[in-house]
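Observations on the three-dimensional arrangement
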Amino acid sequence: MADLFTHFVAARVPGMFVRDRRLQALLVIGTFLPDIAGKGLFWVLQNHESAPLSTHSIAGVLLVSYLVCLFVEESLRRPGFFLLAAGGAIHVLVDLAKDNMGVGSAMLLLPFCTRGTEFGWIDSENVVLLIPFDAAILAAAWFLERRWRRVQQ
Amino acid sequence: MFSNRHYRWKLGAAIAAIALLGVLAARRGEAVNPMLWRCVAQPERWQGARLWIPFARIVSVRDASYEIAAGDPEARIRVDGPAPGKPGDLVTLTGTFRADGPRLEPDRSRAFPPRFRLRWLVEAVSIAVVLGVLANLARHFLFRPKLLQVEGDPRG
């Protein structure tokens, strides 16, 4: 789990291009679902290592997104599912950037393969250094979004 | 798939599938990366297992080895080779478990920098972000009949 602020910014920037505010909110919450569901499995199964990683897989992201989309109104479910899944995919991509000593931060092909995957670009303890960059990106995104809205009005 | 037809069945199936995936990952992942305390409790069973210890504290340092404490419940183990830090430092490492000792043959190890003590800041910011996002979600999705009565249905 990289810090959730980085996850938020990674989903909020593409969220600028989603016009419906409700779908935008689903995209952003979708990026937290792998960690929220993973924590749930961690507590229920009392497994620290691999159970939380099940939500950091393609199947896990799709299943959790489907479960959550069932809680929104029927007309929003289909686009809601795709945006929740997109948020989950963004989360997994951000986590893949971390260096977990070669062990991997996601089991992408679960249940067919338990091999961990990672790009290993940033040490997991150094995510704190990303916070200022995240804040700058978020500020720029909000500024651009407000300008576009004014132009559209 | 997205309609209200057989809604309860869909809900139940989704919850069951997620739980099943979690159990499967826990079962199969156990052999991939067992917890340190399990290896120390049953050394013969886990001989040769590959371990990743995300957080460990160096307890003591000797010439050709050092001892670490890690996990919950906490377990201690001797690690071959030079220590990546001094006693009290936090490290992360991967290695192969050996039943004789028991000991760990390290593959990769890394000492956490002092700024790792700022981890609480990351956690605090993360919690604040999640609360903010949940509040935003509630603003868009909470059913507010009083608001509907006053303003009318937003969809017309």
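Residues numbered from 1 in each chain as written. Chains lettered and ligands numbered in written order. Predicted model: local features only at pLDDT ≥ 70, side-chain atom pairs only at ≥ 80, totals over all residues.

1. A word on the overall build of chain B
Counting its regular elements, chain B contains 4 helices and 5 strands. Secondary structure elements in chain B, listed N-terminal to C-terminal, are α-α-β-β-β-β-β-α-α. When contacts within chain B are restricted to residue pairs at least 6 apart in sequence, those whose partners lie at least 24 apart make up 50%. (Helix = DSSP H or I, 4+ residues; strand = E, 2+ residues; numbered from the N terminus. Contact = placed C-beta atoms within 7 Å.)

2. Quick word on the pairing of strand S2 (residues 65-70) of chain B
Residue and element names in this part refer to chain B. The alternating pattern of S2 places Tyr66, Ile68 and Ala70 on a buried face, while none of Ser65, Glu67 and Ala69, on the opposite face, is buried. In this sheet, S2 lies alongside strand S1 (residues 50-61) in antiparallel orientation, the contact comprising 5 bridges. Bridge pairing in S2 links isoleucine 58 to isoleucine 68. Here S1 folds back onto S2 in antiparallel fashion, the turn holding 3 residues. Examined bridge by bridge, S2 and strand S3 (residues 75-80) share 6 bridges and lie antiparallel to one another. Bridge pairing in S3 places isoleucine 68 opposite isoleucine 77. (Buried ≥ 20, exposed ≤ 12 C-beta atoms within 10 Å, placed from the backbone. Pairing = 2+ DSSP bridges.)

3. Points about the interface of chain B and chain A
Contact with chain B, which involves 41 residues of that partner, is made by 43 residues of chain A. Elements that contribute at least two residues to the side of chain B that touches chain A include exactly helix H1 (7-32), strand S4 (90-98) and helix H3 (119-141) of chain B. For the side of chain B that touches chain A, the leading source of residues is H1 of chain B, giving 16 residues. By residue class, the composition of the side of chain B that touches chain A is 26 nonpolar, 10 polar and 5 charged. (Nonpolar A, V, L, I, M, F, W, Y, C, P; charged D, E, K, R; others polar.)

4. Brief notes about the domain arrangement of chain B
Think of interface size as the accessible area that goes away when the parts come together; that is how it is often given. When cut into domains, chain B gives domain 1 (1-32), domain 2 (33-113) and domain 3 (116-151). One C-alpha centre belongs to domain 2 of chain B, the other to domain 3 of chain B, and the line joining them spans 40 Å. (Domains from an automatic or database assignment.)

5. Some points on the nonpolar core
If you look at soluble globular proteins, the nonpolar side chains tend to sit buried side by side. If you look at the biggest cluster of nonpolar residues, it comprises 43 residues, and the most contacted ones within it are Phe8, Val28, Ile29, Leu33, Val64 and Leu84 of chain A together with Ala25 of chain B. If you list the elements that add at least two residues to this core, you get helix H1 (4-15), helix H2 (21-30), helix H3 (33-45), helix H4 (58-69) and helix H5 (74-96) of chain A together with H1 and H3 of chain B. Among residues more than four places away in sequence, those in contact with isoleucine 29 of chain A are Gly87 of chain A together with Val133 and Leu137 of chain B. (Core = buried A, V, L, I, M, F, W, Y, C linked by C-beta atoms within 7 Å.)

6. A look at the pairing of S1 of chain B
Consecutive side chains of a regular strand alternate in pointing toward one face of the sheet and then the other. Where S1 of chain B and S4 of chain B come together, 6 bridges link them in antiparallel fashion. By the bridge assignment, tryptophan 52 of chain B is partnered in S4 of chain B with threonine 94 of chain B.

7. Re H1 of chain A
With 12 residues, H1 of chain A should cover 16 Å at 1.5 Å per step; its first-to-last C-alpha distance of 16 Å lies within 8% of that length. A large share of H1 of chain A lies buried, amounting to 10 of its 12 residues. Within H1 of chain A, burial applies to Leu4, Phe5, Thr6, His7, Phe8, Val9, Ala10, Ala11, Arg12 and Gly15 of chain A. Where the residues of H1 of chain A are buried, they touch H2, H5 and helix H6 (130-152) of chain A together with H3 of chain B. (Expected span 1.5 Å × (residues − 1).)

8. Comments concerning the sheet that holds S2 of chain B
Residues and elements named next belong to chain B. The sheet built from 5 strands closes into a barrel, its strands ordered S1-S2-S3-S5-S4 with mixed pairing. This sheet shows a mean twist of 55 degrees between the axes of neighbouring strands, independent of strand direction. Strand direction decides the pairing type here: S4 and strand S5 (residues 103-111), joined by 8 bridges, are antiparallel. The residue bridging glycine 95 from the neighbouring strand is proline 106, located in S5. (Axes fitted to C-alpha atoms, helices over the stretch in contact; angles between N-to-C directions.)

9. A word on the packing of H1 of chain A against H2 of chain A
All names here are of chain A. For the pair H1 and H2, the least separation of the axes is 8 Å and the interaxial angle reads 155 degrees. Classed by the angle they form, the pair H1 and H2 counts as roughly antiparallel. The crossing of H1 and H2 is right-handed. Along the contact surface, H1 presents Phe8, Ala11, Arg12 and Gly15, while H2 presents Gln24, Leu27 and Val28. (Parallel < 35°, antiparallel > 145°, perpendicular 65-115°, else oblique. Left-handed = near helix turned anticlockwise from the far one by under 90°.)

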